[in-house]
Amino acid sequence: MKTSVTINGVAHSHDVEPRLLLVHFIRELAGLTGTHVGCDTSQCGACVIRLNGQAVKSCTMLAVQADGAQITTIEGMAKDGKLHPIQDAFWEKHGLQCGFCTPGMIMSAAQILERYPKPTEDQIRQQLEGNLCRCTGYHNIVKAIQYAAEKMAGT
Amino acid sequence: MATAKLLGASIKRREDPRFITGKGHFTDDLKLPGMTYAAFVRSPHAHAKIRKIDTSRASKHPGVVAVFTGKDMTGVNSLPCGWLLPELKVPPHMPLATDAARYVGDPVAIVIAETQEAALDAAELVAVDWDVRPSVTRTDKAAAPGAPSMHEVAPDNVAFRWQIGDAAATDAAIKSAPVTVKKRIVNQRLVANAMEPRACVARYEESTGEWTLWVTSQNPHVHRLLMTAFVLGIPEHKVRVIAPDVGGGFGSKIFLYNEETVCSWATKQINRPIRWTAERRESFQTDAHGRDHVTDAELALSKDGKILGFRIKTTANLGAYLSTFAPAVPTYLYGTLLNGVYEMGAIHCEVTGVFTNTTPVDAYRGAGRPEAAYVIERMMDAGAAALKMDPAELRKKNFIPKFDSGYQTKVALSYDSGNYAPTFDKLLTMLDYKKFRSDQQAGRGKGKLLGVGFSTYIEACSIAPSKVVGSLGAQAGLWESGTIRVHPTGKVTVFTGSHSHGQGHETTMAQLVGDHLGIPMDDVDIVHGDTGIVPFGMGTYGSRSASVGGTALVMCMDKIKEKGKIIAAHLLEANPKDMDYVGGEFVVKGSPDKKIPFGQVALTAYVPHNYPEGAEPGLEATSFYDPSNFCFPFGAHACVVEVDPDTGHVTILRYLAVDDVGNVINPMIVDGMVHGGVAQGVAQALWEGAVYDEESGQLVTGSLMDYALPKAEMLPMYETARTETPTPVNPLGVKGAGETGTIASTPAVVNAVVDALSGLGVDHIEVMPLTPERVWKTIQAAKSKK
């Protein structure tokens, strides 16, 4: 089935099998490998992207369902060579170790901060329900999102 | 050339920009021209003989390139076991099982196709005629009479019996002691669950006869050596193994697995590259698991709380086959740590390693040392309860006093340096221990169950020297290598045999080299994870990269400085013996004006027009470092919990960690590793556990829906601090920081829950994780006894 989406401002159109998951469209057909696959049951959140502004697990959606959608992936977060404040915050606060869960974390964090511009620690932890990290114990991820909130409020 | 102090500074990581922008290079990101995709056919049974495998329908499926079974892999040998204990039973472990499958997930065939979808579809069409046999999965039942047997070489399912310590002295101490405590302690099976699933891309080039294997490995050289020399019988120098960005390991990516071996063999058969990436389901079934001990421990104490004797009998579940380093984990990484940080009268430990119809068990973060710390620290609290003594007091009474150069334990090891009491005192101050006890007492009056648990642990890192580990059964050396190449412009490329899969070596090793050479970090690049570039390496596990890998780099820099002195002395018309190297400059001792910067010496080495007679051009050094002893980090952790008396739910109120990992290169990175390690250890105490159905042998916790990997909302902020007791073993004084959190935290949490329930008469909970159900049942049982 012909499926057309816009990813990070670039149009991608491919004839795909109806069962193709959106994450595989992004990784294998659009060649954007920053979005990761860490599980097969929609738990880990390494594949989170923004689809028409919503944080979505791209492993939990068929590519054909995304036809016509505007998608932002981790590769689309930095603009004009400047890191998004959340990316910068993860770097500044050591919010990553192996880096595999990081793209999904950053994409989820972007929506968390839209919902809660001044989030409490509890809000951040609850909102990260769909993102797993095995390296950091979450401490510095929470700190990074708090730091990003401060920076984004200040600009 | 002044540079900011690099060693000991929390410098932001240089690897992060690629990860936060989605530009990391993980194995599954790789796409080669002509790529094919693999799926494995796996046993759905815990134990079944293979009568016949029919691949005909799968072979005809559209898009299928090839289907292979174990019978096609002629001339291929068993996956090797890299640690041979005396009289160890080593059953064959073929890359694709041909005679029988011995655990759920055991691979029996590979299907290779033009697309991943075609490979997965066709794998379903492979028909295996199974003759299902009885299975055994439980650790405590594997060696029982009549248990189903799975290997001809071990009809009783016993792989080894091993012991350490003094049995007679320990028996005598326990017999005559005024107080003894005996507990059964179950250390449940865990699944490492690195967020990146295992993956490989194998490519054979017919024109050159060379292989390239990209693989999720913590030690690509070890992968290459084991696969070429032992299994496939192909020339080692014709194989290049690359471990690119690797998304976490925690031990599970040390080992040589079936899948990369089969893909490396099959790529030559089809003469096309093959990619295989595990689904999480496959990770659960086939990544080596961790822990899985059942232990009976007995502690003998004097009336005033001195430890007189400690007897430990452990059964360790090894799974269906011997994974690469499996026999070392419950023996030399476990029994030798049972002296802890305490003076003990006598110790004896017996370990029986058993085969079961489960996924092979090997090193998982801490590997043996968490199991040892858990037994010791749980028994310390049980001992304190028996004596009606404060658990902090009992620990203080028994700490080994401060020592700087060696403490001989009762279980073979000689500790490097230690000063345990101040670390614990610092923890008690942070905790405000006296206040906690009064809060606890006040809470009990209102039906509130508060508890605190301690863990004053020790661990062993940078396991060495090779001569000693060889005598204990290791089939490899445990040194590390490095090469430092100084370019003509004075820029430096560092090649290390260590491998970073989250540890941040590209930052910490650049800090180390920049500091020692007195040059900016930006002038130093770190290269790792490629056997085609790095001379040789043993890789990263056991918290060894800074202490062993880092020291190899220090040795390289010493050589570079010595050669630089000869060149600089020539240019300055001085004697090389009179040269010093300070802050990036070669200086004539006593004449601070006579000096030449590092960059000029580098240029001279490559443009040797005015050059010392007989000296070789170039400025590059390679070193191999084999440590003289292990390093022994230690520390004191505390956990404060509240238990809901109605539901059994445990809430962590505080988690405190005071660690001593020797000198620290980058405190931010060390703190981060402590956080992550603590999270894993807390998770073992409260949530995680691999469960097999006893009847069918199925892995019940086979996905992230069933296995409770901790989420952000389940964990607290961690309060961390350090003391610094440098090791005399290596010139950096660093001990190792990668595993302390995991080793320390599990007993701290369990001790806290038991402490919370102590008012009900509870002094032990036998089995982890401490789920609400298990805690609730413990509360009910205690109440009904009263």
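Please read all numbers here as calculations on a predicted model, not as lab measurements.

Engineer: Looking at this structure, I do not really get the interface of chain B and chain A. What am I missing?
Structural biologist: Interfaces are often described in size by the accessible area the parts lose on coming together. Counting residues at the interface gives 54 residues for chain B and 47 residues for chain A. Of the roughly 4400 Å² buried between chain B and chain A on both sides combined, carbon and sulfur atoms contribute 57%. Three residues, I20(B), M195(B) and M717(B), lead the burial of chain B against chain A; their summed loss comes to 18% of the area buried on that side. Along the contact surface separating chain B from chain A lie eight salt bridges. Here K711(B) ties to E129(A) by a salt bridge, and the two come within 2.8 Å at their closest N and O atoms. Listing elements by their share of the side of chain B that touches chain A, those giving two or more residues are helix 1 (16-20), helix 3 (116-123), helix 7 (280-286) and helix 16 (667-686) of chain B. Among the elements that make up the side of chain B that touches chain A, the one with the highest residue count is helix 16 of chain B (eight residues). For the side of chain B that touches chain A, the per-class residue count stands at 25 nonpolar, 12 polar and 17 charged.

Engineer: Would you mind going over the pattern of salt bridges with me for this structure?
Structural biologist: It is possible for side chains of opposite charge to pair when their charged atoms get near one another. What the rule picks out here adds up to 57 salt bridges over all chains. Measuring nitrogen to oxygen at the nearest pair gives 3.0 Å for the salt bridge that ties R133(B) to D131(B). A relative accessible area of 35% means that R133(B) is categorised as partly exposed. Where D287(B) meets R198(B), a salt bridge forms, and the shortest distance between an N and an O atom there is 2.8 Å. Taken as a pair, D287(B) in the loop between helix 7 and strand 13 (289-301) and R198(B) in the loop between strand 8 (179-191) and strand 9 (199-205) lie far apart in primary sequence, 89 residues in all. Residue D287(B) shares its accessibility class with R198(B), and that shared class is buried. Connected through shared salt-bridge partners, R27(A), E28(A), D28(B), D29(B), K31(B) and R275(B) make up one network.

Engineer: Can you help me understand the layout of surface pockets in this one?
Structural biologist: Regions of empty space are outlined by a rolling probe, equal in size to a water molecule, passed over the atoms. Residues and elements named next belong to chain B. In this model, the second largest pocket occupies a volume close to 760 Å³. Lining the second largest pocket are 32 residues; nearest its centre among them are Q188, A690, V691, V767 and R774. Going through the elements one at a time, strand 8, strand 13 and helix 18 (772-785) are the ones with two or more residues in the lining of the second largest pocket. Across the lining of the second largest pocket, the residue classes tally to 11 nonpolar, nine polar and 12 charged.

Engineer: Would you explain the sheet that holds strand 6 (residues 127-132) of chain B in this entry?
Structural biologist: Strand pairing in a sheet takes place through backbone hydrogen bonds and is either antiparallel or parallel in direction. Residues and elements named next belong to chain B. If you trace the three strands from one edge of the open sheet to the other, you get 4-2-6, paired in antiparallel fashion. Of all strands in the sheet, those with a lone pairing partner are strand 4 (100-101) and strand 6, marking the two edges. Direction of pairing for strand 2 (residues 48-54) relative to strand 4: antiparallel, over a ladder of two bridges. Looking across to strand 4, one finds that K49 is bridged to A100.

Engineer: What should I look at first to understand the packing of aromatic side chains in this one?
Structural biologist: Two aromatic rings, taken as a pair, are described by how far apart their centres are and by the angle between their planes. In total, this model carries 24 aromatic pairs over all chains according to the counting rule given. Between F19(B) and F26(B) the ring centres are 5.9 Å apart and the planes differ by 40°, which places this aromatic pair in the tilted class. Overall, F26(B) belongs to the buried group, its relative accessible area being 4%. Taken together, a centroid distance of 6.2 Å and an interplanar angle of 70° make the contact between F255(B) and Y257(B) edge-to-face. For the pair F255(B) and Y257(B), one class covers both residues: buried. One aromatic cluster in this structure is built from F403(B), Y407(B), Y415(B), Y420(B), F630(B), F632(B) and F634(B). Sitting above the plane of the W91(A) ring, K12(B) keeps its charged end 4.0 Å from the centroid. Across from the ring centre of Y257(B), 3.6 Å away, lies the NZ or CZ of R198(B), which sits over that ring.

Cut-offs applied
Residues numbered from 1 in each chain as written. Chains lettered and ligands numbered in written order. Predicted model: local features only at pLDDT ≥ 70, side-chain atom pairs only at ≥ 80, totals over all residues. Heavy atoms only, no water. Contact = heavy atoms within 4.5 Å. Buried area = accessible area lost by both parts, 1.4 Å probe. Salt bridge = Lys/Arg side-chain N within 4 Å of Asp/Glu carboxyl O. Helix = DSSP H or I, 4+ residues; strand = E, 2+ residues; numbered from the N terminus. Nonpolar A, V, L, I, M, F, W, Y, C, P; charged D, E, K, R; others polar. Buried < 20%, exposed > 50% of the residue type's maximum accessible area, 1.4 Å probe, protein only. 1 Å grid on protein atoms, 1.4 Å probe; cavity = no way out; pocket = protein on both sides within 12 Å on 5 of 7 lines; lining within 4 Å. Points joined across faces, edges and corners; volume = space filled by probe spheres on them. Pairing = 2+ DSSP bridges. Phe/Tyr/Trp six-rings, centres within 6.5 Å; stacked < 30°, edge-to-face > 60°. Lys NZ or Arg CZ within 6 Å of the ring centre and 35° of its normal.

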